[in-house]
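Architecture and fold: a report
The primary structure of each chain is shown beneath.
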Amino acid sequence: MSNIIKKEGFGYSFDARACSACQAKCCTGESGYIYVNAAEIESISDFLGLSVNDFTQNYLFKNGYKYSIKERKFNDSHECAFYDRTSNGCAIYEVRPTQCRTFPFWDYFKTRVDELKLECPGVVDV
Ligand code: SF4
Ligand code: SF4
């Protein structure tokens with residue numbers, strides 16, 4: 001099976017083999033928002049064995065009307081609260097938000113491929 005993923009409407013492809021050597025640049029680095037919707041909040045809470053209330057208080061913050069996952073500081077950088085440095089992976093992988101599942105195929109990057117390439121070494125020309 002090919003490791004190269006293409007998506008209609010995007011002028012680039014993604015080579016999933018890059019992730020193992022990358023140290024999760026998409027989960028660490030500059031501070032950003034990792035949005036979760038109501039259904040995702042519920043499934044992540046369930047996965048962690050927490051009430052929605054406890055999960056929200058411990059792991060989320062509000063930006064406008066949306067909720068985002070908190071980040072930790074690591075040296076001069078930031079990382080998602082669920083980034084697991086030991087395994088270099090996501091501690092909630094099975095229930096990670098849509099925003100994480102769909103990266104790097106975000107509409108925002110359709111016209112910003114150079115910016116995306118700086119962030120994600122798995123992005124390759126079609
Ligand atoms: S930045 Fe790209 S290559 Fe690195 S872990 Fe994220 S998706 Fe994989
Ligand atoms: S939820 Fe998981 S995949 Fe998404 S940014 Fe956090 S560690 Fe990365």
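What counts and how
- As a convention, each chain's residues are numbered from 1 in the sequence order in which they are written.
- Chains carry letters from A onward and ligands carry numbers from 1 onward, assigned in written order.
- For this predicted model, a pLDDT threshold of at least 70 governs which residues receive local features, and a threshold of 80 or more governs which side-chain atom pairs are given and counted, while totals over whole chains, interfaces and linings are taken from all residues.
- Side-chain metrics in this entry use all non-hydrogen atoms of the structure; hydrogen atoms and water are not considered.
- A 1.4 Å probe that fits into a set of points on a 1 Å grid over the protein atoms alone but cannot get out defines a cavity; an open set with protein on both sides within 12 Å along at least five of seven lines defines a pocket, and lining residues are those with an atom within 4 Å of a point.
- Grid points are joined across faces, edges and corners, and a volume is the space filled by probe spheres set on the points.
- The helix count covers DSSP runs of H or I at least four residues long, the strand count covers runs of E at least two residues long, and both are numbered beginning at the N terminus.
- Any residue that is not Ala, Val, Leu, Ile, Met, Phe, Trp, Tyr, Cys, Pro, Asp, Glu, Lys or Arg is counted as polar, Gly included; the first ten are nonpolar and the last four charged.
- Domain ranges listed in this record stem from an automatic or a database domain assignment.
- By the convention used here, strands pair only if DSSP detects at least 2 bridges between them.
- Note on terminology: near, applied to a residue and a molecule or strand, indicates that one of the residue's heavy atoms is within 4 Å of it.
- Pocket occupancy is defined atom-wise: a molecule lies in a cavity or pocket when more than half of its atoms are within 2 Å of its grid points.
- Here's how the labels work: a residue is buried when its accessible area is under 20% of the maximum for its type, exposed when over 50%, partly exposed in between, all with a 1.4 Å probe on protein chains only.

What the largest pocket holds in volume is close to 1,200 Å³. Lys25, Cys26, Cys27, Phe103 and Glu119 are the residues nearest the centre of the largest pocket, which is lined by 42 residues in total. Listing elements by their share of the lining of the largest pocket, those giving two or more residues are α1 (19-22), β3 (28-29), β8 (77-80), β10 (89-90), α4 (98-102) and α6 (113-119). Grouping the amino acids of the lining of the largest pocket by side-chain chemistry returns 25 nonpolar, 9 polar and 8 charged. Each of domain 1 (1-26 + 103-126) and domain 2 (29-93) gives at least three residues to the lining of the largest pocket.

Across 4 bridges, the pairing between strand β5 (residues 60-63) and strand β6 (residues 66-69) is antiparallel. In the sheet register, Leu60 faces β6, and the bridge partner there is Ile69. Between β5 and β6, which follow one another and run antiparallel, lie 2 residues, and Gly64 among them has a positive phi close to 65 degrees.

Now for the site of ligand 2. In the vicinity of ligand 2, the contacting residues are Cys27, Cys80, Phe82, Tyr83, Cys90, Ile92, Pro97 and Cys100. Here ligand 2 is seated within the largest pocket. Taken together, the residues that form the shell around ligand 2 break down as 8 nonpolar, no polar and no charged.

In this structure, Pro104 follows Phe103 across a cis peptide bond, with omega equal to 5 degrees. Inspection of the secondary structure assignment puts Pro104 in the loop between α4 and α5 (107-110). In this model, Ala24 sits at a positive phi of 50 degrees, which is unusual for a non-glycine residue. The residue Ala24 is located in the loop between α1 and β3 in this model. Under the relative-accessibility criterion, Ala24 is labelled buried at 12%. Unlike most non-glycine residues, Asn75 shows phi in positive territory, near 50 degrees. With respect to the helices and strands, the residue Asn75 is situated in the loop between β7 (71-74) and β8. The class of Asn75 is exposed, set by a relative accessible area of 64%.

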